[in-house]
Amino acid sequence: MSKVAIKEDIFWVGVKDPDRAVFDGLLPLPQGTTYNAYLVVGSEKTALFDTCEPEFLDELLANLEGVDKIDYIVSHHAEQDHSGSIPHLLEKYPEATLLCLKQNKAMLQSLMTIPEDRIQVVDDEGEVSLGNKTIRFMFCPWVHWPETAVTYIPEDKILFPCDFLGSHYSWDHIFAGDEPIVYKGAKEYYVQIMMLYSKMTAKHLDRIRKLDIEYICPSHGAVYDKPQIILDLYEKWMRGEPENMALIGYVSAHGSTKIMAEYLKEGLEKRGVNVELHDLVTVPLNELAGLLTDAATIVLGSSVIMAALHPVAVNTAFLLDRLKPKTKFAAVIGSYGWSPGPLKKAAELFPSWKVEVVGAVIAKGHPGAETLAELDALADTIAAKHREAGLLE
Ligand code: FEO
């Protein structure tokens, strides 16, 4: 795809990767992704904002065809999907100087070879003039690496937030509008790489919201031409209360844990709690991720196999403990043949996630009347907790 105009003298020149199936070897990408680069042509100087994965270099160069001189290459973030092609671009454009924060310079130089005399460090709130356009740098660490910069062009009211606010969505139309699929991709992306740091990084959102913004040009996905939508969603995801919803994710070797999960779902719904029930073996991880900002309760269901929790449940517990959703309550349910120990250690599944574990229901084999009564009691507890938290009337 060739370059696309966003505003006068500001162009998307990035690369679409609609076939990329997974990000970080973890998150499925049903809509693919993009590596966005932008060309900003000022009255005196021209700047390229970010590059792309080196394997797509030829596509980026094709989008820059006819651009004879680039004065600046802006690096927001050292990760290779944005900075991996910088050495090639510096070679192709010998007059170009790399602009970056000092924190990013150190990271870039640990990942690739860039001659010292080709780098110009810019401070937080530092500005570089292109003539009739100004690039203002803002140091915004932990969205999602410690060195990340966000830039802003005040004359055009355009924000370049790098990974922050981005989405995994390989678009047909460059602008996001209010297309739900863009914001679905943005939510899953937020959960995977931003949510863990949200307490530290919500202040960056505040800083951005003070700017006059017409367009947000992230490093992945569509350009936001209605910036308020994604800014309000981030506010909700970062600071909003979870919803009156329980997410039950289970893995069941022979069906007993599944029966327990379905029974609990019914019980919770009878008590007014909305439920998302998913088999962890088959649910795509991105679909699960999209629920983590919303669920006030997460119930993990597992069979016991190999005298341990099922590996799929262990993997889910690990991800919950690392991602740290703002879920308030957690519970464990499951069935065992002869070894209840792994299920009894429910609270130990989440050593660093600050969540209140409100119960565990453990059945030997097929769940009988006693187990079903315990599940009713667990449903009572969860509904009461939601009520106390003001989520349920
Ligand atoms: Fe899209 Fe952190 O790189």
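Note that the structure is predicted; figures quoted are calculated from it, not measured. (Residues numbered from 1 in each chain as written. Predicted model: local features only at pLDDT ≥ 70, side-chain atom pairs only at ≥ 80, totals over all residues. Heavy atoms only, no water.)

1. Considering the domain arrangement of the chain
So, point 1. Assigned domains within the chain: domain 1 (4-239) and domain 2 (243-388).
So, point 2. Centre-to-centre separation of domain 1 and domain 2, based on C-alpha positions: 38 Å.
So, point 3. Summing both partners gives a buried area of about 1,300 Å² for domain 1 against domain 2, and 62% of it is carried by carbon and sulfur.
So, point 4. Counting the contacts that link domain 1 with domain 2 gives 3 salt bridges.
So, point 5. Two residues, Glu243 and Lys236, come together in a salt bridge whose shortest N-O distance is 3.3 Å.
So, point 6. Where domain 1 packs against domain 2, one counts 7 residue pairs in polar contact (both at pLDDT 80 or more).
So, point 7. For the side of domain 1 that touches domain 2, the secondary-structure elements that each account for two or more residues are strand E5 (27-28), helix H5 (180-194) and helix H7 (227-239).
So, point 8. With 6 residues, the top contributor of residues to the side of domain 1 that touches domain 2 is H5.
So, point 9. The class makeup of the residues in the side of domain 1 that touches domain 2 is 10 nonpolar, 1 polar and 5 charged. (Domains from an automatic or database assignment. Buried area = accessible area lost by both parts, 1.4 Å probe. Salt bridge = Lys/Arg side-chain N within 4 Å of Asp/Glu carboxyl O. Polar contact = N/O pair within 3.5 Å; in protein donor to acceptor, adjacent residues only side chain to side chain. Helix = DSSP H or I, 4+ residues; strand = E, 2+ residues; numbered from the N terminus. Nonpolar A, V, L, I, M, F, W, Y, C, P; charged D, E, K, R; others polar.)

2. Notes on the pairing of strand E1 (residues 4-7)
So, point 1. Across 3 bridges, E1 lies against strand E2 (residues 10-12) in antiparallel orientation. Looking at the pairing, Lys7 lines up with Ile10 of E2.
So, point 2. Here E1 folds back onto E2 in antiparallel fashion, the turn holding 2 residues, of which Asp9 has a positive phi close to 70°. (Pairing = 2+ DSSP bridges.)

3. Concerning the sheet that holds E1
The pairing of strands in a sheet comes from backbone hydrogen bonds and takes either a parallel or an antiparallel form.
So, point 1. One open sheet holds the 7 strands; their spatial order is E1-E2-E7-E8-E9-E10-E11, and the pairing between them is mixed. Only two strands of the sheet have a single neighbouring strand rather than two, namely E1 and strand E11 (119-121). The mean angle between the axes of side-by-side strands here comes to 25°, regardless of whether they run parallel or antiparallel.
So, point 2. Here strand E9 (residues 72-74) runs beside strand E10 (residues 97-100); their pairing, made up of 3 bridges, is parallel. Paired with Ile73 across the two strands is Leu98, which belongs to E10.
So, point 3. Across the sheet, helix H4 (residues 102-111) lies against E10 and E11, angled at about 120° from E10, the strand it touches most. (Axes fitted to C-alpha atoms, helices over the stretch in contact; angles between N-to-C directions. Contact = heavy atoms within 4.5 Å.)

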